[in-house]
Amino acid sequence: MSPEFRVYCSMDQRMPLSQVPAHARRAEALGYDGLCVPEAVHDGLAAATLALHATTRLRVATSVLVAFPRSPMTTAVAAWDLQEMSGGRFELGLGSQVRGNITRRYGVAWTPPAPRMREYVDALKAIFRCWQGGDDLCFEGEHYQLTRMQPFFKPDPLEHPAPAIFLGGIGPAMTALAGEVSDGLMTHPTNTAPRYIREGVQPRIARGAARSGRDPAHVGLMVGPLTATGTKPADVARERENVRQMLTFLYSTPSYWPSLEIFGWQERGEHLHQLTREGRWDDMKNVIDDAMLDTFSPTGTYDEIADILAEWYGDLTNWILFPIPDDPARDPEAAKVLDRLRAGS
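Residue numbers run consecutively from 1 along every chain, following the written order of its sequence. Local features in a predicted model are, by the rule used here, given only for residues with pLDDT of at least 70; side-chain atom pairs are given and counted only at 80 or more, and totals for whole chains, interfaces and linings are based on all residues. Working from all heavy atoms in the structure, the side-chain values ignore hydrogens and water.

Caption draft 1: Quick peek at the packing of aromatic side chains. Ring geometry is summarised as follows: Phe, Tyr and Trp rings, the Trp one being its six-membered ring, pair when their centres sit within 6.5 Å, and such pairs are stacked at plane angles under 30 degrees, edge-to-face over 60 and tilted between the two. Taken as a whole, this structure holds 12 aromatic pairs when the rule is applied. Centroid distance Tyr251 to Phe296: 5.5 Å. Interplanar angle 45°. Geometry classified as tilted. You can see Tyr251 sitting in the loop between helix H8 (233–250) and helix H9 (258–262) and its partner Phe296 sitting in helix H11 (residues 290–296), a full 45 residues away along the chain. Ring centres of Phe263 and Phe296 lie 5.6 Å apart, and the angle between their planes is 85°; on these two criteria the pair is classed as edge-to-face. Taken together, the positions of Phe263 in the loop between H9 and helix H10 (266–277) and Phe296 in helix H11 put the pair 33 residues apart, joining distant regions of the chain. To sort residues, take the accessible area from a 1.4 Å probe on protein chains only and compare it with the maximum for the residue type: under 20% means buried, over 50% means exposed, and anything in between is partly exposed. Exposure remark for Phe296: the relative accessible area of 1% places this residue in the buried category. In textbook terms, an aromatic cluster arises when at least three aromatic residues are bridged by ring pairs, as seen for Tyr251, Phe263, Trp265 and Phe296. We call a charge positioned above a ring when the Lys NZ or Arg CZ atom is no farther than 6 Å from the ring centre and deviates by at most 35 degrees from the ring normal. Lying across the ring of Trp319, Arg6 places its NZ or CZ 4.3 Å from the centre. The ring of Phe68 carries Arg116 above its face, with NZ or CZ at 4.5 Å from the centroid. A run of H or I in DSSP counts as a helix once it spans at least four residues, and a run of E counts as a strand once it spans at least two, with each numbered from the N terminus.

And the structure:
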């Protein structure tokens with residue numbers, strides 16, 4: 001018997017915000033437990049607001065909100081409001097982003113991300129304790145000093161717990177930090193291979209949990225693989241090529257190479273990176289071969305995919321992402337997959 005999975009879906013990062021409410025209602029009607037909203041083209045908090053307002057049961061998580069361009073206080077205010085508005089259905093996923101984006105896209109000074117993220121999460125927790133439990137706000141770290149909270153600016157306590165805080169992590173330091181200070185780790189598509197989770201992710205979470213005296217079993221793990229699925233084998237083959245294209249893009253970035261190292265494929269990432277520097281985009285498509293796809297992408301028709309996901313992840317987690325169909329005509333078939341995943345059969 002496989003676990004009863006909590007199943008979330010995501011949304012296209014380029015989806016106009018005007019379409020987010022309908023997308024969220026569709027996910028809720030299909031039976032998804034939650035929706036992950038990205039932050040790439042649009043503001044993640046704005047997308048989360050629209051999704052929560054449009055639904056009554058669906059949990060909504062930022063996956064992931066870019067933390068460092070925002071003060072912990074501005075993030076806390078928004079998260080508090082979303083938790084109150086939704087009746088406790090908001091989940092705050094945070095990420096650090098890569099150096100080039102932080103410095104040249106957001107215009108924010110770069111510092112080592114794991115120590116700064118530890119401070120960021122601790123600052124959020126201090127703010128939440130102040131608002132929910134009445135503690136004085138007194139947080140003084142290297143990057144953030146938060147020592148002023150006049151009654152005029154202090155929101156009322158929530159009728160629900162403060163928002164859960166999750167971290168998106170890839171490298172060893174951030175993965176361990178998730179085990180140390182957060183409610184769980186949101187994986188990246190590049191670190192979801194079962195072997196990598198067993199040999200890389202889980203030991204690092206356990207090390208981080210030990211630093212703060214926590215039971216690693218209490219640290220959630222959202223696994224978000226690039227799943228290739230569909231009604232017919234031809235649909236699956238088409239999605240598999242889409243996964244190949246996405247992995248080609250992702251693995252051209254050095255930050256995403258940790259999972260390549262464990263399989264002895266780091267030279268593939270280095271080759272892709274060099275091809276991007278030379279502008280040889282057409283030469284990149286054959287670097288990700290079928291063996292790599294078999295390793296990183298669960299693949300099968302709707303009739304097969306629930307069993308495949310249970311085989312890959314049943315002993316690793318009970319919380320996964322499953323793609324919502326591009327074509328709403330396929331929703332009834334996808335709903336059957338969700339029923340099987342959520343029923344543990």
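Caption draft 2: Representation of the pairing of strand E8 (residues 164–168) within the structure. A large share of E8 lies buried, amounting to four of its five residues. DSSP calls a pair of strands paired once it identifies at least 2 bridges connecting them. As paired elements, strand E5 (residues 90–95) and E8 share four bridges and run parallel to each other. Within E8, the residue paired with Glu91 across the bridge is Ala164. Note: E8 against strand E9 (residues 184–186), three bridges, orientation parallel. What sits directly across from Phe166, in E9, is Gly184.

Caption draft 3: Fine view of the environment of Leu321. You can see Leu321 is positioned in strand E13 (residues 319–321). C-alpha of Leu321 to C-alpha of Leu226: the two residues are 95 residues apart in sequence and 8.9 Å apart in space. With near-sequence residues (within four places) excluded, Leu321 lies in contact with Tyr8, Cys9, Cys36, Met222, Val223, Gly224 and Pro225. By definition, residues are in contact when any of their heavy atoms lie within 4.5 Å.

Caption draft 4: Expanded view of the nonpolar core. Buried Ala, Val, Leu, Ile, Met, Phe, Trp, Tyr and Cys residues form a nonpolar core when they are joined through side-chain atoms within 4.5 Å. If you look at the biggest cluster of nonpolar residues, it comprises 102 residues, and the most contacted ones within it are Tyr32, Leu94, Met117 and Phe322. Residue contributions to this core peak at 10 residues, all from helix H5 (residues 113–133). Each residue touching Tyr32, except ones within four places of it in the same chain, is listed here: Val7, Tyr8, Cys9, Ala27, Arg57, Leu58, Phe322, Pro323, Ile324 and Leu338. Core analysis: the second largest hydrophobic core is formed by eight residues, Ala61, Phe166, Met186 and Trp319 among them.

Caption draft 5: Inspection of helix H7 (residues 194–211) at higher detail. End to end, H7 covers 25 Å across 18 residues, agreeing with the expected 26 Å (1.5 Å per residue, within 8%). Fitting axes to the seven residues that end at a residue and to the seven that start at it, the angle between those axes gives the bend at that residue. Of all the bends in H7, the largest measures some 30° and sits at Val201, one to four residues before the proline Pro203. Inspection of H7 places Pro194, Tyr196, Ile197, Gly200, Val201, Arg204, Ile205, Gly208 and Ala209 among the buried residues, and these make up the whole buried set. Looking at the packing, one finds that the buried side of H7 touches helix H6 (172–181), E9, strand E10 (220–222), H9, H11 and helix H12 (302–313). Expected span of a helix: the number of residues minus one, times 1.5 Å.

Caption draft 6: View of the packing of H5 against H6. Only C-alpha atoms enter the line fits that serve as axes; for helices the fit covers just the stretch in contact. Angles between N-to-C directions range over 0 to 180 degrees. Interhelical geometry of H5 versus H6 gives an angle of 20° and a closest axis separation of 10 Å. Relative to H6, the element H5 is oriented roughly parallel. As H5 runs across H6, the sense of the crossing is right-handed. Residues Pro113, Ala114, Met117, Arg118, Val121, Asp122 and Lys125 of H5 lie in contact with H6, whose contacting residues are Ala173, Met174, Leu177, Glu180 and Val181. Among the residues making up the contact of H5 with H6, the classes are represented as eight nonpolar, no polar and four charged. For classification purposes, angles smaller than 35 degrees are called roughly parallel, those larger than 145 roughly antiparallel, those between 65 and 115 roughly perpendicular, and all remaining angles oblique. Take the far helix as your reference; a near helix turned counterclockwise from it by less than a right angle gives a left-handed crossing, and one turned clockwise gives a right-handed crossing. As a working rule, the residues Ala, Val, Leu, Ile, Met, Phe, Trp, Tyr, Cys and Pro are called nonpolar, Asp, Glu, Lys and Arg charged, and the rest polar, with Gly in that last group.

Caption draft 7: Structural context of helix H3 (residues 72–86). Its 15 residues place the ends of H3 21 Å apart at the C-alpha level, agreeing with the 21 Å of an ideal helix rising 1.5 Å per residue. Restricting attention to buried positions, one finds in H3 the residues Pro72, Met73, Thr75, Ala76, Ala78, Ala79, Trp80, Leu82, Gln83 and Ser86. By the criterion applied in these results, polar contacts are pairs of N or O atoms within 3.5 Å in which, for protein atoms, one can donate a hydrogen and the other can accept it, and in which residues neighboring in sequence qualify only through two side-chain atoms. The residue sitting at the N-terminus of H3 and contributing the capping side-chain oxygen is Ser71; that oxygen lies 3.0 Å from the backbone nitrogen of Met73. Where H3 terminates, the next one or two residues include Gly87, which has phi positive at roughly 70°.

What is shown is where atoms sit, not what they do.
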